[in-house]
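# Survey of secondary and tertiary structure
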Amino acid sequence: MRGRASRHSRAARRERALTRERALTRARLRALGAHPVALIGGFVAVHAWLVAGNLLLPGLPLGDVQLVYPFWAGLGITGEGWVGIDTAWVYPYPALLPMLAVFPFGQGLAGSLAWLLLMSALNAIALVALAGVQRDVRRVAAAWWWLAFLAVLGPIALGRIDAVTAALAVSAAAVLAEHPRWAGALMAAGAWVKVWPGALLLAAVVAARRWVDVSRGFLGVSVVVIGVGVLLGGGWALLSPLTEQTGRGLQVESPLALPWMWLAGLSGSGAGVRGAGADRLAVIAYDTDILTWQVSGPGSELMAALATPVLAAVVLGVLALGLLARRRKVAEHLLLPALTLALVAALITVNKVGSPQFATWLAAPIVLGILARADGGVRFRVPATIAIAAAALTQVIYPVEYGAVLSAEPWMLVVLTVRNLAYLALLLWATWMLVALARGRMGADGEARSAPVAVADVEGASP
């Protein structure tokens, strides 16, 4: 008996020693990841890859930067009228600012590099806002996730105007807790480049404790932007981004276009594929007015017409859940990340546009969730993983194999379907979380519980 007890004692000591060694190893890795040199090195490596991918990968990753953006900027410079001010435009007029900043460098390599360096600089500012200048391991976890997300998303992370809004939105998420007025200003700056960051404001107004400060920051920037626009001669064109999308069809990458993309694939009627017109169940074609690839077929016009009101209904439903949870006095760090993710995922999933760069929108709500977890929020491991997977699939879709998308090749339709299902999964996960919070059935650890979740319930909750 003594021998057996001695063996058990030695085994227990070895297990405790192994546990301590593992804990020390994790601590060393956290310390390494939190070191400024490691973060800077990771940032430089990721952005070197993104710059190289934009310049070298097939599929013309910088097509809009090299062809479309200079055209829009050139209209105003040559006296033909400023888009967004003199004429209606799909973006608010401040979106011209980064386009004008790189316009003097031309449409070749110099112009491309200028754009990529400008977007990288904005991301560098976002990294500082996120990780700070101290070795805060909790914030560094969010920073490393964001860098991994950018790396797997690939060239599109820098190659569109959405890169500006994504950097501003991540910065807003990073400073929201401590500097809500600055966060609101950053949200407004993003929304006045492309409308979607307004979803962060909606979420903050519903769920943030200092929502008045956020609103003041947002309104302050908006008043300046509108005032300058009016002084420049703008009228109703300033609000045209809210209406310009309503008349377009189904873009080939959008989740709502999936049925018609499969019809196009089954009938062999992808772009550039020859076949009898009567045999084509759906057709992929380039719209020269909107400058994008769209798919059409039986019922596609009805779907395109319903898309905007359905999106509005989904957004209102998500906001209603958020308000119910707020009435139950659900803590900000539980409600705000889930509500933000639900709104952003809805804008992506229930949308007839569906451009690849929409994936960049996911970074801000996921970062917000990771940061809130450190303060006792719900676990964001599932949506963080799904977002990484969606980003990786998006890089396959564009720019690597965009030709296969336009040809509606079956294997690419599978990739498109899985990626769009990932978007849907994010929307469903966030909505389920909101329902659980609104019903008082979700604890700070993300597990079901019977008592309502209020601010007092989560004081002192472990991260």
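Residues numbered from 1 in each chain as written. Predicted model: local features only at pLDDT ≥ 70, side-chain atom pairs only at ≥ 80, totals over all residues. Heavy atoms only, no water.

Sheet topology places strand S1 (residues 250-251) next to strand S3 (residues 292-296); two bridges connect them, and they run antiparallel. What sits directly across from Gln-251, in S3, is Gln-294. Where strand S2 (residues 283-287) lies against S3, five bridges are found, and the strand directions are antiparallel. Across the sheet, Asp-287 pairs through a bridge with Thr-292, a residue of S3. Counted along the chain from S2 to the antiparallel partner S3, the turn is four residues long, and its residue Leu-291 has a positive phi close to 65°. (Pairing = 2+ DSSP bridges. Helix = DSSP H or I, 4+ residues; strand = E, 2+ residues; numbered from the N terminus.)

This part takes up the environment of Ala-372. Following the sequence through the fold, Ala-372 ends up in helix H14 (residues 363-373). Using a relative accessible area of 8% as the deciding quantity, one classes Ala-372 as buried. When the C-alpha atoms of Ala-372 and Leu-334 are compared, they prove to be 7.4 Å apart, with 38 residues separating the residues in sequence. When near neighbours in sequence (up to four residues on either side) are disregarded, Ala-372 contacts His-333, Pro-337 and Gly-377. (Buried < 20%, exposed > 50% of the residue type's maximum accessible area, 1.4 Å probe, protein only. Contact = heavy atoms within 4.5 Å.)

Turning our eyes to something else, we now look at the packing of helix H13 (residues 332-349) against H14. Packing of H13 against H14 brings their axes to within 9 Å, and their N-to-C directions diverge by 165°. By the angle between their directions, the pair H13 and H14 is classed as roughly antiparallel. In the packing of H13 onto H14, the handedness of the crossing is left-handed. Contacts between H13 and H14 involve His-333, Leu-336, Pro-337, Thr-340, Leu-341 and Val-344 from the former and Pro-365, Ile-366, Leu-368, Gly-369 and Ala-372 from the latter. Taken together, the residues of the contact of H13 with H14 break down into eight nonpolar, three polar and no charged. (Axes fitted to C-alpha atoms, helices over the stretch in contact; angles between N-to-C directions. Parallel < 35°, antiparallel > 145°, perpendicular 65-115°, else oblique. Left-handed = near helix turned anticlockwise from the far one by under 90°. Nonpolar A, V, L, I, M, F, W, Y, C, P; charged D, E, K, R; others polar.)

A general trend in soluble globular proteins is that nonpolar side chains are found buried together. Counting 147 residues, the largest nonpolar core has Met-99, Trp-145, Trp-146 and Met-187 as its most contacted members. For this core, the element with the most residues is helix H17 (residues 410-438), which contributes 14 residues. In this structure Trp-146 touches Asn-123, Ala-126, Leu-127, Leu-130, Val-170, Ala-363 and Val-367, once residues within four positions along its chain are discounted. (Core = buried A, V, L, I, M, F, W, Y, C linked by side-chain atoms within 4.5 Å.)

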